[in-house]
Structures are given as structure tokens and as C-alpha cells.
Amino acid sequence: MFDGLELHLYTLVAGPLVLQLLNTGDASNPVVQQKTAFIQAAFLAGWALGGAFFGRLGDRLGRSRTLALTVLTYALCTGLCAAAQTWWQLMFFRFVAALGIGGEWAVGASLLAETWPREWRPWLAAGLQTGVNVGILSAAALVWFFLPMLPAHSERWVFLIGVLPALLVFWIRRQVPEPAAWASAEAATAVKPRVRDLFRGDLARTTWLTTAVCALGLSAWWLSLFWNTQYLRQLLAHTDIPPARVTQLVTASFAFTNAISIGGNFAAGWLARRLGVRRAIGLMFLGLFAGIVAAFAVPRGFDALAWFWVPLAGFFSGVFALFTMYLPPLFPTLLRTTGSGFCYNIGRLAAAVAQIVFGWLAPVGDIRLALLGAGALALFAAVVSWWLPEGEKAERLID
């Protein structure tokens, strides 16, 4: 839940905040869009590197200890975003916060995979992803209700909310034990596996295929989520609606999309139970592709996009609930957080590069073209997912 909160505070206030940091009031200035994209790209890059770095720590130090470190990192650095005086300072704080967020997913997914019974996983994975959606809805609610009450140009202060998860650290260290699977493997293994073992033998094919699917899928969804928010703002930019009300309307659409995504989480879990995880991943990515293209293939008004087409695409983002239960069992116990963190989060480096490229292209043409490009990436993810290993064949000592 706190991951979702931290992730999208910036998405909701990026437009006005970057304008302030660049000392300009012209939202159409190409420099504004470029710097906004750079900040988001740095966040995605930090998320990727954090998944790899803290993932390795999770295999070496244990899941619980590393989980506490990740939460503390992203909570404190999100709070520091409120003190940023330049766009590059904001970019730096977002980068470091993202290290913790990326690491939290890698460690948390392995921790839960090692403690949940197999038959529960589709529904509990959907519940876990719903926690992210609840955090996103919380961010939207805070921006909706409290931002209009603050003085003008106060968007930066929403980041102080990010300090709250630091309080979880004390509870995590006291209440969350190390999983028996990790403790047993750690005690029984004299020669610990190394990172390069992910790229050897049969495991190498699994590593590269899952990384490709995650890179394509995450790029598609993050680009869509970020740029459709900016596009909705653009549609209202030349109306008589006050800026604070524009932020509220865009935030409300953002919240509605994520509420619809909760249904997608459980739909993905149902598909996984009926068809298997690999086929469910492919079908959900096909749905995401179709939803994005249907929304932006032709010009549409704010209401049609905000309340129907964008939420329809958001429903299929439930595909990401499946990766929580699918990735960890693909890897041996002492490479589980390393492998999960690498495959899921290193794909965000591709998303970061795409964010920068789209940031250059969006001022040149219609933002809709960037969004259609994001849809194409979802289609590629669906195609590559056909070659993923079957999850049932990849269970490796979890139970």
C-alpha cells in the first residue's frame, strides 16, 4: 500500500511542481516536458537498480532484515523530495527513494512466496497488488482533498506523507521472521550461488525471457499511466477551469482507473487458475494493448477518456499481480530475490529509457502518438510471454 502511495505522488503533481522548479508558467514549454520525463526516468532507473541491489542483499542477509532497509530508504527519501529546490534535486531524491521501492518488491515477493500455500497464491497475489492500488487511491485522495486547502504552489508538501512508512520498520523487525526455506538453505549451503549463475545453463533462458516480458510490459504500463495523465491535463489546459480544479479532475480520473484495476487483479488471478499463469499473462497483455489503442487511436474528449477508455485499459494492468507469485518460484532459494529483483525491476531500465525518448518526442507531436507507442509495447510483451516457462514446472522447494 505504501509503495503505491510513494509511487504516484509525483505522477499527480508532476506538472505544476516542475513548472515551479523551472520558474516558468508555460506548461507547453518543451523543456518542462523533458525535465518531467527525466525525473520519472530517474525514478524508474532507481527502481530497477534497487531491485537488483536489495534483491542480492535479501539472498545474503535474509528477507526480513532487507525488507526493513528498503522501507526506511524509500520513506525518508520521499519525504526529502519536499525540500527540493531544483529539478535535479527532485530527480536525485526520487532516484534514491526508488532504490528502496524496487528492493521492497523483490524481497517481499520472495518472502511471501516462501510462506503462502501454493493454492492460495493467485488470490493472495491479487490481494497484494490491490494493496498497491489502495495506496494509489490514497495518494489521489490526499491530493484531491488537501491540496486545494494549501496555499498556491504547495504541491511539494505532499511528499512529507512519504515519511509515514518509516514507522513500519520497527514492526517489521519485531514481527516478521525469516522464512524457514531461506534459513534452511542458508544453513545447508556451503558454497553460495553467485549472480552470474542466473545466466548459466537452463536458468539463463528463464532469466532473459522473464526480463524481456517485464521490460516490455512495465514500459507499456508506466508510459501509459504517466502520459495519459499529462494528456488529460493538456485537454483541460485551454479551458476556463482553474488549475486547482484541473488537478482535482485529473486526480479523480487517476483514482477511478486504479479502482477499476482492482477488478483486473482478481480477473488475472481467475485466469491463472483456469488457464495457467503463462497464458493469463499473455491474455492480460493483449487486453492492455487493445485498451490503450482503443482509447487513443482517435481524438476523444476529456470525459470519454477519463471515465471510460482509460479505466478500461487500466483493468488489464491486473497482469502485474501475477508476477508476484510467478517469478520467485522460477529461481533457487538463495537466488530467489536476486532473480526476481533482476527480472522484474531491471526491466524498468528499459522503461526509463523509453520515458526519456517519449519525453523528447511528446513536445514534437501529439502525446497520443506516445501513448499508442506504449500500447505497441504491451503487444510485444504478449507475444514474448508465449515462450515463458510454465509456472507449475518451475516450483523449486517453495512448499
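Conventions and cut-offs
Residues numbered from 1 in each chain as written. Predicted model: local features only at pLDDT ≥ 70, side-chain atom pairs only at ≥ 80, totals over all residues. Heavy atoms only, no water. Helix = DSSP H or I, 4+ residues; strand = E, 2+ residues; numbered from the N terminus. Buried < 20%, exposed > 50% of the residue type's maximum accessible area, 1.4 Å probe, protein only. Contact = heavy atoms within 4.5 Å. Lys, Arg positive; Asp, Glu negative; His and termini not counted. Charge placed at Lys NZ, Arg CZ, Asp CG, Glu CD. Core = buried A, V, L, I, M, F, W, Y, C linked by side-chain atoms within 4.5 Å. Disulfide = S-S within 2.5 Å. Polar contact = N/O pair within 3.5 Å; in protein donor to acceptor, adjacent residues only side chain to side chain. Patch = residues over 30% accessible without salt bridge, like charges linked within 9 Å, V, L, I, M, F, W, Y side chains within 5 Å. Areas by Shrake-Rupley, 256 points an atom, 1.4 Å probe, with all protein chains shown as cover. Salt bridge = Lys/Arg side-chain N within 4 Å of Asp/Glu carboxyl O. Phe/Tyr/Trp six-rings, centres within 6.5 Å; stacked < 30°, edge-to-face > 60°. Lys NZ or Arg CZ within 6 Å of the ring centre and 35° of its normal. Axes fitted to C-alpha atoms, helices over the stretch in contact; angles between N-to-C directions. Parallel < 35°, antiparallel > 145°, perpendicular 65-115°, else oblique. Nonpolar A, V, L, I, M, F, W, Y, C, P; charged D, E, K, R; others polar. Left-handed = near helix turned anticlockwise from the far one by under 90°.

Chemist: Hey, could you go over the overall build of the protein chain for me, with residue numbers and the actual values?
Modeler: The helix and strand tally for the protein chain stands at 15 helices and zero strands. Once the C-alpha set of the protein chain is aligned to its principal axes, its extents read approximately 65 × 40 × 30 Å. The burial tally for the protein chain puts 58% of its 399 residues in the buried class. Excluding contacts between residues fewer than 6 apart, the proportion of contacts in the protein chain whose partners are at least 24 apart in sequence is 86%. Between the centroid of the 28 positive side chains of the protein chain and the centroid of its 19 negative side chains there is a distance of 5 Å.

Chemist: Describe the nonpolar core, listing the residues and the values that go with them.
Modeler: Counting 104 residues, the largest nonpolar core has Leu90, Phe159, Ile281, Phe285 and Phe323 as its most contacted members. In terms of residue count, helix α8 (residues 201-236) provides more of this core than any other element does, 15 residues in total. Aside from chain neighbours lying at most four places away, what touches Phe285 is Val213, Gly217, Val319, Phe320, Phe323, Ala378, Ala381 and Ala382.

Chemist: Any details on the state of the cysteines? Residues and values, ideally.
Modeler: Each disulfide is one covalent bond, formed between the sulfur atoms of two cysteines. Applying the stated criterion to the full structure yields zero disulfides. Left unpaired, Cys77 is separated from the closest cysteine sulfur, that of Cys81, by 7.7 Å. What makes Cys77 buried here is its relative accessible area of 12%. Cysteine Cys343 is unpaired, with the sulfur of Cys214 as its nearest cysteine sulfur at 6.6 Å. With a relative accessible area of 0%, Cys343 lands in the buried category.

Chemist: Report on helix α12 (residues 319-326), specifying residues and quantitative values.
Modeler: α12 sits mainly inside the fold: eight of its eight residues count as buried. Listed as buried for α12 are Val319, Phe320, Ala321, Leu322, Phe323, Thr324, Met325 and Tyr326. On its buried face, α12 sits against α4 (87-113), α5 (121-146), α8, α9 (243-275), α10 (277-296) and α13 (336-345).

Chemist: With reference to specific residues and values, describe the environment of Thr115.
Modeler: Tracing the chain through its elements places Thr115 in the loop between α4 and α5. Between the C-alpha atoms of Thr115 and Ala180, which are 65 residues apart in sequence, the distance is 8.3 Å. Engagement of the side chain of Thr115 in a polar contact is seen with the backbone oxygen of Leu111, the distance being 3.1 Å.

Chemist: Which residues make up a nonpolar patch on the surface, and what values do they have?
Modeler: A cluster of nonpolar side chains, Leu72, Leu76 and Val163, forms an exposed patch at the surface whose accessible area comes to about 220 Å². In this structure, Leu72 sits in helix α3 (residues 63-80).

Chemist: Explain the pattern of salt bridges to me, and be specific about the residues and the numbers.
Modeler: Under the defined criterion, the tally for this structure stands at five salt bridges. With a closest N to O distance of 2.9 Å, Glu114 and Arg336 form a salt bridge. Of this pair, Glu114 sits in the loop between α4 and α5 while Arg336 sits in helix α13, placing them 222 residues apart in sequence. Here the residues in one salt-bridge network are Asp59, Arg63, Glu114 and Arg336, joined through shared partners.

Chemist: So what's going on with the packing of aromatic side chains? Residues and values would help.
Modeler: In total, this model carries 17 aromatic pairs according to the counting rule given. When the ring of Phe53 is compared with that of Phe54, the centres are 5.1 Å apart and the planes differ by 70 degrees; the resulting orientation is edge-to-face. Between the aromatic rings of Phe285 and Phe320, the centroid separation amounts to 5.9 Å while the plane-to-plane angle is 75 degrees, which identifies the pairing as edge-to-face. Taken together, the residues span a long stretch of sequence, with Phe285 in helix α10 and Phe320 in helix α12 at a distance of 35 residues. Every member of this aromatic cluster is reached through a ring pair, and the members are Trp105, Phe285, Phe320, Phe323 and Tyr344. The ring of Trp386 is capped by Arg278, whose NZ or CZ atom sits 5.2 Å from the centre of that ring. Across from the ring centre of Trp309, 4.1 Å away, lies the NZ or CZ of Arg300, which sits over that ring.

Chemist: Provide a residue-level description of the packing of α5 against α9, including the pertinent values.
Modeler: At a closest axis distance of 9 Å, the pairing of α5 and α9 adopts a crossing angle of 175 degrees. As the angle between them shows, α5 and α9 are arranged roughly antiparallel. Within the contact of α5 with α9, the residues separate by chemical class into 16 nonpolar, eleven polar and two charged.

Chemist: Could you give me a rundown of the side chain of Ser317, with the residues and numbers involved?
Modeler: Here Ser317 shows up in the loop between α11 (302-315) and α12. Of the polar contacts made by the side chain of Ser317, one reaches the backbone oxygen of Gly314; its length is 2.6 Å.

Chemist: Please provide a residue-by-residue account of the environment of Asp303, values included.
Modeler: Examined against the element boundaries, Asp303 turns out to sit in helix α11. Judged by relative accessible area, Asp303 falls into the exposed class, the value being 53%. The spacing of Asp303 and Ala98 is 205 residues in sequence and 33 Å in space, taken between C-alpha atoms.

Chemist: I'd like to hear about the packing of helix α2 (residues 30-61) against α4, residue by residue, with values.
Modeler: The contact between α2 and α4 brings their axes to 6 Å, and the two run at 35 degrees. For the pair α2 and α4, the sense of crossing is right-handed. Class assignment of the residues belonging to the contact of α2 with α4 gives a composition of 17 nonpolar, eight polar and two charged.

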